[in-house]
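Understanding the architecture of this molecule
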Amino acid sequence: MDRNEVVLVGRLPEAVRIRSLQSGSTLGSWRVIVRRQQRGRGTRVDTIPCVSFEPEVTVVAAEWLPDDMVEVVGSLRRRWWGSEGAKSSGYEVEVRSVRRLERRVTTVLTGEEEAPAPIPAPPRPVRSLTHAETGPVETGTVTAEEGRAFTAVDPEPSHAAGGSTPASVLRRVEVPSLR
């Protein structure tokens, strides 16, 4: 007795395509990626085309999302297409029953929603502003009438002033008032 039965369990790489035929029936088509048993290095996969003319199957399969793990049961079919002079053929699984085994959470951007805001980069340290002087940091108070402030920032490397300036010498930066 002949037997043509195929059972596949694999991952759906893209959404199922549903087409209406001239006869009024629907055709669902999709691919299933199935991993092979590993021999040697790397994982090998087969991408197997599947089709179904069954309305119940196409309704269920239309709800699948990319990366869903699915099981399909059907039979292997050879299909021919093309003109008389240039006929081509291929195999596909004609599916009679399906079920989703696992849904992986994925985000699919369709272009209609707003893209997530990028994470802002942390502020970069200020090395100099309007003008900087090298020398010992002055201590004291600055009055509001003067309209400026002095801020000590990173130590200058000892080689910056010809190597004779001690490492404890800081740059003095004049910061204009923001008022």
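Scope of this entry: the structure provided in the associated data block. (Residues numbered from 1 in each chain as written. Predicted model: local features only at pLDDT ≥ 70, side-chain atom pairs only at ≥ 80, totals over all residues. Heavy atoms only, no water.)

**Some remarks on the overall build of the protein**
Put simply, the rule is: Where helices and strands are cited, they refer to DSSP runs of H or I of at least four residues and of E of at least two residues respectively, numbered from the N terminus. Throughout, exposure labels follow a simple rule: accessible area from a 1.4 Å probe, protein chains only, divided by the maximum for the residue type, with under 20% read as buried, over 50% as exposed, and the rest as partly exposed. Note on contacts: a residue pair qualifies if any of its non-hydrogen atoms lie within 4.5 Å across the two residues. Note that accessible areas follow from Shrake-Rupley with a 1.4 Å probe, and for residues the cover is restricted to the protein chains shown.
A tally of helices and strands in the protein yields one helix and nine strands. Reading the protein from its N end, one meets helices and strands in the order β-β-β-β-α-β-β-β-β-β. Taken over 179 residues, the protein has a buried fraction of 21%. The contacts of the protein with a sequence gap of at least 6 include a subset with a gap of at least 24, amounting to 56%. Surface accessibility of the protein: about 13700 Å² in total, with carbon and sulfur atoms responsible for 52%.

**Some points on the environment of alanine 62**
Following the sequence through the fold, alanine 62 ends up in the loop between α1 (55-61) and β5 (69-81). With a relative accessible area of 46%, alanine 62 lands in the partly exposed category.

**Some points on the packing of aromatic side chains**
Keep this limit in mind: Each pair of aromatic rings taken from Phe, Tyr and Trp, with Trp reduced to its six-membered ring, is defined by centres within 6.5 Å and is described as stacked if the planes are under 30 degrees apart, edge-to-face if over 60, and tilted in the remaining cases.
If you walk through the whole model with that rule in mind, you get one aromatic pair. A centroid spacing of 5.6 Å and a plane angle of 85 degrees characterise the contact between tryptophan 30 and tryptophan 64, whose relative ring orientation is edge-to-face. Note that tryptophan 30 is positioned in strand β3 (residues 26-35) and tryptophan 64 in the loop between α1 and β5, a separation of 34 residues in sequence. Here tryptophan 30 and tryptophan 64 have matching classes, each one buried.

**Here we look at unusual backbone geometry**
Positioned with a positive phi, aspartate 67 is a non-glycine residue whose angle comes to about 80 degrees. With relative accessibility at 24%, the residue aspartate 67 sits in the partly exposed group.

**Concerning the nonpolar core**
Inclusion rule: The definition of a nonpolar core used throughout is a set of buried Ala, Val, Leu, Ile, Met, Phe, Trp, Tyr and Cys residues joined through side-chain atoms within 4.5 Å.
Grouped together as the largest cluster of nonpolar side chains are 16 residues, with contacts concentrated most on Leu8, Trp30, Cys50, Trp64, Val72, Val95 and Val98. Those elements that place two or more of their residues in this core are β1 (6-11), β3, α1, β5 and β6 (88-102).

**Details of the pairing of strand β4 (residues 45-52)**
Short version of the rule: Two strands form a pair only when DSSP identifies at least two bridges running between them.
In this sheet, β4 lies alongside β3 in antiparallel orientation, the contact comprising eight bridges. Its bridge partner lying in β4, valine 34 is registered against aspartate 46. Pairing geometry for β4 and β6, over two bridges, is parallel. In the strand pairing of β6, cysteine 50 is matched with valine 93.

**Brief notes about the pattern of salt bridges**
Two side chains that carry opposite charge are able to pair once their charged atoms sit near each other. In plain terms, the rule: The rule for a salt bridge is simple: a side-chain nitrogen of Lys or Arg has to be within 4 Å of a carboxyl oxygen of Asp or Glu.
One pass over the structure, following the stated rule, counts 11 salt bridges. One salt bridge in this structure joins arginine 17 and glutamate 14, with 2.9 Å as the shortest N-O distance. Given a relative accessible area of 43%, arginine 17 falls into the partly exposed group. A salt bridge links arginine 103 to aspartate 68; the nearest nitrogen and oxygen atoms lie 2.9 Å apart. Of this pair, arginine 103 sits in the loop between β6 and β7 (131-134) while aspartate 68 sits in the loop between α1 and β5, placing them 35 residues apart in sequence. Looking at arginine 103, the relative accessible area reads 35%, which means it is partly exposed. One salt-bridge network, held together by shared partners, links Arg77, Arg79, Glu92 and Glu94.

**Some words on the pairing of β5**
As judged from the six bridges shared by β1 and β5, these two strands associate in the antiparallel manner. Residue pairing in the sheet places valine 6 in a bridge with glycine 74 of β5. Here β5 pairs with β6 via 13 bridges, running antiparallel. Residue pairing across strands places tryptophan 80 opposite serine 89, the latter belonging to β6. The turn linking β5 back onto β6 is made up of six residues, and glycine 82 within it adopts a positive phi angle of 105 degrees.

**Some points on a nonpolar patch on the surface**
The line we're drawing: A residue counts toward a patch only above 30% relative accessible area and without a salt bridge, and it is joined to like-charged neighbours within 9 Å or, for Val, Leu, Ile, Met, Phe, Trp and Tyr, to nonpolar neighbours within 5 Å.
A surface patch of nonpolar side chains, about 230 Å² in accessible area, is lined by Val7, Val9 and Leu101. By the secondary structure assignment, valine 7 is in strand β1.

Just geometry here; none of it tells us what the structure is for.
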